[in-house]
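Fold and geometry: a report
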Amino acid sequence: MIRPLWTEYRRGAGIVLTPVVAVLSWAALFRTRMEWPGPWTTLAERVHGTLFFLAPLVVAVAAWQASRERRRGTRELLGTTTRVPWRRLGLTWASITLGATAGLLVPLVVGGVLVVWHGGYGGGNWWWSLLNSLLAIGFFAAFGMAFGAAVPSPLLGVTAGVTVYFLVATAETLVVGFATLFPFLPADVMLQFPEFRAGPQALLATWFVSATVALLALVSVRPKRRAAVPVGVAAVVAAIPLGDFEVIDERADDLVCQDRVCTVRAHAHLLDKAVAEAKPLLDKVSGIPGAPTSAMPDYAWQHLRVYDMVLDWYGERVRGEYPYHRLMVDSVVSGLECDGDVQREFGVPRMAAVVWWTGDRAALDEEPRAAGLVDRLLRLDVAAQREWFARYLSAIRRCDRSAVPEIP
Amino acid sequence: MPQVDMQGLTFGYRGRPVIEGLTLSFGTGVHGLLGPNGAGKTTLMRMLATVNRPSSGTLTVLGDPLRSEHGLRSVRRRLGYLPQTFGFYPRFTVREFVEYFAWLKEVPRELVNSDVDRAIERVGLGDRADDRLKTLSGGMLRRVGIAQAIVNDPEVLLLDEPTAGLDPEQRMDFRVLLRDLGQDNCVIVSTHLIEDVAAACTAVTLIDRGRRVFQGTPDQLIAAGDTDVGGDTPVERGYTTVLRAYRATT
């Protein structure tokens, strides 16, 4: 079995699929900036997301491969061999599935090594998502083969397979079976920290396996009535309500803290970097009335905000990202309670507060009119600067622009 | 007991009879199946190869009547077949293609390597075993087709126009191979090339419009020849004489 599969893979479309899938999924997982894809749940979710464009590719290639016997005129000869047809078609299916899976494994293994290296959060039953992504590839290979074998024209078979895929994948209201067919599509159920529930995920895995077997049976079993059992099993599985296949991972949302800086457990790997960014900012405003004394992962004026960071493979923030310290202070210096007009009135003093606090004059690019105020502020002695900042915070809390002291 | 036995075999396409009440049997040896275009040679070969089922009559191959799925599988395991139109996969090498068919024919795993090598050597492609099929000439492809047919060491070998595309030297080699294969097995060769039959076959069957016209040895066919009819060789004259005589009576 291994040697025929290896031959089928090397001489069929499987070997073409491998590098194409590898490049596409590499781009999806690491983006153009070679991002670190962790933690595990994020990696698994990104793999899951790649299926949206990998699936039609696998469907098309499988449909083409399934038409080979017709294209090459080997059906008569193959019909006189001993091995039952489903074994032969199973071999073709396996070669396509192998081709796509091997391609996907390239970035997946690299991503897995990086996640282990940087110690990403490992909760949330992430492996369920990964398992179902891999099973889905096999399912889509069978889906394509069904069209390739059933439609007399090879190109028409490919077109029909891909068209039906997109019609079903993008349909708004679907019967339960088809809703389980493309569970990765609805973006509105994507959670920041999902926990994949074992029951629905096992049901989903069962659906992919049973549907794959049913499709292959429909293609290869003679007489067709023998396919009734696997088709019936798949239909029963499809009719079982799936339920929420992911829920919020409460444990991932727990706080982990160090030196008054906290983040969620799922982002614990970012804590050292967050502390390095937050500590100087907290120290600078220490003792100022109304100034924050801690950094937290939620957006509130009482504390600095600890955001997620986009890291590269070496665990460093990727270049070109918005300056992290500016993000951190935003919730404190912005008037969250104020209406839009008042916020606009605060534009110049807010930017002066940001530049004074962060020491980042480059921020003036966003509000050049604040340059004069910043210069006048910095000419004051330190105590006066801190006094001005305290009064700014008080004014912004009250949404009262007139309470911000002028500096002559 | 004959390896192949058919009694009152009938087959038709869309109501048009192609094989009509054919009763024949083939034993060990090389059997040439002759007949004009449309005589039903290929249809008969396809039935023997288990591609088509007869409309009526009985067909027994290697003692198994071709009725049940079990009977078909049992026969297919001991059958080799080269169809008239030989389809192949261009990206496969000769070895990979023959190996693939060894797998399809359920050749025991431990025998695959040796059986594949032997089949390739027997058709004279040992030096091209690792070449892709798309690089081979038509004659070589035909030999690959024969190699896949014999890889399972079949007891009944069915070759439909096996020498089409072979050059004279290759045809001579092929005749040697046929004689060798026919030593212990039943080899049925459907062909238009009457001289191949005379040179390599131990028996010859002539059919026309789905009915048997003649069955005997090549010498008997030659002996039946009338010098007045056309034909460059004695066997061609025998063929033409028998066929015309049959048509005159029907």
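Numbers given for residues are sequential positions, taken from 1 along each chain in its written order. Working convention: letters from A go to chains and numbers from 1 go to ligands, in the order in which they are written. Where local features are concerned, this predicted model is filtered to residues with pLDDT of at least 70; where side-chain atom pairs are given and counted, the filter is 80 or more; whole-chain, interface and lining totals use all residues. Side-chain metrics in this entry use all non-hydrogen atoms of the structure; hydrogen atoms and water are not considered.

Within chain B, the regular secondary structure consists of nine helices and ten strands. Structurally, chain B occupies a C-alpha span of about 55 × 45 × 35 Å along its principal axes. Out of the 250 residues belonging to chain B, those deemed buried represent 55%. What makes two residues a contact is simply this: any of their non-hydrogen atoms within 4.5 Å. For chain B, the share of sequence-separated contacts (at least 6 apart) that also reach a separation of at least 24 residues comes to 65%. A run of DSSP states H or I qualifies as a helix once it reaches four residues; a run of E qualifies as a strand once it reaches two. Both are numbered from the N-terminal end. Three labels apply to residues, based on accessible area from a 1.4 Å probe with only protein chains included: buried if under 20% of the type maximum, exposed if over 50%, partly exposed otherwise in between.

Take the confidence of the model for chain B next. Confidence scores here are pLDDT values: one per residue, from the predictor, ranging 0 to 100. Chain-level statistics for chain B give a pLDDT mean of 89 and a share of 100% at 70 or above. Here the predicted complex scores 0.84 on pTM and 0.87 on ipTM.

The rule is simple: put a 1 Å grid over the protein atoms alone, call a set of points where a 1.4 Å probe fits but cannot get out a cavity, call an open set with protein on both sides within 12 Å along at least five of seven lines a pocket, and count a residue as lining if it has an atom within 4 Å of a point. Grid points are joined across faces, edges and corners, and a volume is the space filled by probe spheres set on the points. In this model, the largest pocket occupies a volume close to 910 Å³. Only α4 (68-72), α5 (75-78), α6 (85-118), α7 (126-150) and α10 (198-220) of chain A together with α2 (69-77) of chain B provide two or more residues apiece to the lining of the largest pocket. For this classification, the nonpolar set comprises Ala, Val, Leu, Ile, Met, Phe, Trp, Tyr, Cys and Pro, the charged set comprises Asp, Glu, Lys and Arg, and every other residue, Gly included, is treated as polar. For the lining of the largest pocket, the residue count by class is 15 nonpolar, six polar and 13 charged.

Once that is clear, we can look at the interface of chain A and chain B. Each partner contributes residues to the interface: chain A has 26 residues there, and chain B has 29 residues. Once two parts are joined, some of their accessible surface, as seen by a 1.4 Å probe, is lost; buried area is that loss totalled over both. Together, Arg11, Leu77 and Thr82 of chain A form the three largest contributors to the area buried by chain A at its contact with chain B, with a combined 27%. A pairing counts as a salt bridge when a side-chain nitrogen of Lys or Arg comes within 4 Å of a carboxyl oxygen of Asp or Glu. Run the count over chain A and chain B and you get four salt bridges. Salt-bridge contacts for Glu96 of chain B lead to Arg11 of chain A; the nearest nitrogen and oxygen are separated by 2.6 Å.

On to empty space enclosed by the protein, then. Inspection of the entire model under this criterion finds three cavities of 30 Å³ or more. By volume, the largest cavity is sized at about 50 Å³. Contributing to the lining of the largest cavity are Gln65, Ala66, Arg68, Glu69, Arg88, Leu89 and Thr92 of chain A together with Tyr100 of chain B. Element by element, the count of residues in the lining of the largest cavity is highest for α6 of chain A, at three residues. In terms of residue class, the lining of the largest cavity is built from three nonpolar, two polar and three charged.

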